[in-house]
Amino acid sequence: MSQQTLKITRPTKMELIRLRRRLAIARRLHKILKDRLVILSQELISLIKEAISVREELHRKLCECQELAMRGYLTYPISATESYISRRISVKSLIVGSRIYAGVKLPFYEVDVGEKVPISYFDAPLSIEQSIRCYEEALKLITRLAEIEESIKLVGNEVSRTKRRANALEHFLIPRILNTIKYLRAKFEERERENKARMKKIKEILEARASYVTQL
Amino acid sequence: MSLNFNFDDYLEKYLTYELRIVNRYLPMKRKKLRELLIEEHPHVVCSDGSIHMFRKDELNTLLKYVSDEELNNLALPIILELRVDMDVTTALVREKYAVSVISKILGIERTNNELYLYPPHLSELRRKVGTLIQYFISTSEIRG
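Conventions used here
Residues numbered from 1 in each chain as written. Chains lettered and ligands numbered in written order. Predicted model: local features only at pLDDT ≥ 70, side-chain atom pairs only at ≥ 80, totals over all residues. Heavy atoms only, no water. Disulfide = S-S within 2.5 Å. Helix = DSSP H or I, 4+ residues; strand = E, 2+ residues; numbered from the N terminus. pLDDT = per-residue confidence, 0-100. Buried < 20%, exposed > 50% of the residue type's maximum accessible area, 1.4 Å probe, protein only. Contact = heavy atoms within 4.5 Å. Core = buried A, V, L, I, M, F, W, Y, C linked by side-chain atoms within 4.5 Å. Patch = residues over 30% accessible without salt bridge, like charges linked within 9 Å, V, L, I, M, F, W, Y side chains within 5 Å. Areas by Shrake-Rupley, 256 points an atom, 1.4 Å probe, with all protein chains shown as cover. Salt bridge = Lys/Arg side-chain N within 4 Å of Asp/Glu carboxyl O. Lys, Arg positive; Asp, Glu negative; His and termini not counted. Charge placed at Lys NZ, Arg CZ, Asp CG, Glu CD. Pairing = 2+ DSSP bridges. Axes fitted to C-alpha atoms, helices over the stretch in contact; angles between N-to-C directions. Buried area = accessible area lost by both parts, 1.4 Å probe. Polar contact = N/O pair within 3.5 Å; in protein donor to acceptor, adjacent residues only side chain to side chain. Nonpolar A, V, L, I, M, F, W, Y, C, P; charged D, E, K, R; others polar.

Comments concerning the state of the cysteines
All names here are of chain A.
Alright, step 1. Taken as a whole and judged by the stated rule, the model has 1 disulfide over all chains.
Alright, step 2. Disulfide partner of C65: C134, at an S-S distance of 2.0 Å. Linking C65 and C134, the disulfide has an S-S dihedral of approximately -85 degrees and is accordingly described as left-handed. A residue pair is termed long-range when its members are at least 10 positions apart, and C65 in helix α1 (residues 13-75) and C134 in helix α3 (residues 126-215) qualify at 69 residues.

Structural notes on the confidence of the model for chain A
Alright, step 1. Summing up the model confidence of chain A, the mean pLDDT is 84 and the portion of residues at 70 or higher is 89%.
Alright, step 2. In the model of chain A, helix α2 (residues 78-88) of chain A stands out as the element of lowest mean pLDDT, 73, in contrast to α3 of chain A, which has the highest, 89.

What to know about the environment of K96 of chain B
Residue and element names in this part refer to chain B.
Alright, step 1. Following the sequence through the fold, K96 ends up in helix α5 (residues 96-106).
Alright, step 2. Take K96: its relative accessible area is 48%, and that puts it in the partly exposed class.
Alright, step 3. C-alpha of K96 to C-alpha of E114: the two residues are 18 residues apart in sequence and 7.6 Å apart in space.
Alright, step 4. Non-local contacts of K96, meaning those with residues more than four positions away in its chain, are made with E69 and N113.

Some details on the nonpolar core
Alright, step 1. Judged by nonpolar contacts, the single largest core of 52 residues is most densely connected at L62, L76, L80 and L117 of chain B.
Alright, step 2. Looking at this core element by element, the count peaks at 9 residues for α1 of chain A.
Alright, step 3. Residues within four places of L80 of chain B in sequence aside, it is in contact with A91, L92, V93, I102, L117, L122, L125, I133, Q134, Y135 and F136 of chain B.
Alright, step 4. Counting residues in each nonpolar core, the second largest holds 17 residues, with L16, L19, A26 and I177 of chain A among its members.

Re a positive patch on the surface
Residue and element names in this part refer to chain A.
Alright, step 1. Together, R10, K13, R20, R185 and R191 make up a region of like positive charge exposed at the surface.
Alright, step 2. At the level of elements, α1 and α3 are the ones that each hand at least two residues to the positive patch.
Alright, step 3. Relative to the assigned elements, R185 resides in helix α3.
Alright, step 4. Accessibility expressed as a relative area gives 41% for R185, which makes it partly exposed.

Considerations on the pattern of salt bridges
Side-chain pairing between opposite charges can occur once the charged atoms of the two side chains come close.
Alright, step 1. The tally for this structure, following the rule as stated, stands at 24 salt bridges over all chains.
Alright, step 2. Here D35 of chain A ties to K31 of chain A by a salt bridge, and the two come within 2.9 Å at their closest N and O atoms. Here D35 of chain A and its partner K31 of chain A are both found in helix α1, 4 residues apart, which amounts to about one turn of the helix. Of the two residues, D35 of chain A and K31 of chain A, neither departs from the other in class, the shared state being buried.
Alright, step 3. Residues participating in the shared-partner salt-bridge network are E43, E50, R99, R144 and E147 of chain A together with R55, E58 and R126 of chain B.

Observations concerning the sheet that holds strand β5 (residues 78-83) of chain B
Residues and elements named next belong to chain B.
Alright, step 1. Spatial strand order, β7-β6-β5-β8: 4 strands in an open sheet with mixed pairing. Unpaired on one side and paired on the other, β7 (115-117) and β8 (133-137) mark the two borders of the sheet. Strand-to-strand twist of the sheet, defined as the mean angle between neighbouring strand axes without regard to direction, takes the value 35 degrees.
Alright, step 2. Sheet topology places β5 next to strand β6 (residues 90-93); 3 bridges connect them, and they run antiparallel. Bridge assignment links E81 to a residue of β6, and that residue is L92.

Observations concerning the interface of chain A and chain B
Alright, step 1. Contacts between the two partners involve 43 residues from chain A and, on the opposite side, 46 residues from chain B.
Alright, step 2. Both sides together, the interface formed by chain A and chain B hides about 4,000 Å², and carbon and sulfur atoms give 61% of it.
Alright, step 3. In terms of surface lost to chain B, no three residues of chain A exceed R28, I32 and I100 of chain A, which account for 15% of the buried area on that side.
Alright, step 4. One can count 6 residue pairs in polar contact (both at pLDDT 80 or more) joining chain A with chain B.
Alright, step 5. Those elements that provide at least two residues to the side of chain A that touches chain B are α1, β1 (93-101), β2 (104-112) and α3 of chain A.
Alright, step 6. At 18 residues, α1 of chain A tops the list of elements feeding residues into the side of chain A that touches chain B.
Alright, step 7. Of the residues in the side of chain A that touches chain B, the class split is 19 nonpolar, 7 polar and 17 charged.

So, in structure tokens, the structure goes:
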């Protein structure tokens, strides 16, 4: 715990009242930061778990897609496959936005697959068609993973920033205010003791003077 | 040894800054669930001008828990008020329809028109309807 005190111009009662008010504000601020930290940490842990599961799923999916594509290339002539793929390619758009979580602006990505191009299944190489669908799903997973990993970075930064500030309040500012309050109280007590001693002394002097006057 | 900075100013500025960070993303105007379901890209505009988007899957998930009356009246995002005066992190839901829907999502019984949520509840809510909730820190409580 820090043993330092804050700089105060004059040790007065007014200063003590102000310090007490500051202490209340600092404690409340510390509570806000702690609450934010709890919420952000929850978000960070959930995001990390989600990232791991999505990444595993994506790896599985990509292997599956590759296998299907290879099967298609082996079964059909390259020219037929390429012409089919060129007809099958549909326009996809990526919706880029943001979502807010506990004061942190996180990315929001969503793939809009759009309308499917109508196909005749008689001339469609089945494994190629399957691999295209598989890659569409993989694309959604990739987008989701990008969103999660970017969010992890942002939430992680915010967690470290909030933690640093909460620690600064807990170990630096609040102890200093407490020390200063303690110092002021000691100062007032000392002043009171001095006053008492002075009053006693004055009383003694006055009594001595009074007895001297009566003797005369 | 003493410090050479104006502590009062620093603390006041810092407090204001922290509250601004957390509360600046609150929506300027909330939208009803029915309205959002029709939108192509469901979103609300926040008070700092940024956009908060809702996930369509989550809106559809919410549909399972709402009645017709709630569908027309539930305003999104649901505002969870963080209570600074409590020891444990606690969020309070005050709105009638939000209380009803959240208690259904979490499977908890509600006793009155307010609902207190604790970290495990918040975590579950985040998992199920993460984009449909927003946190709010009341400034009056802090300055009080």
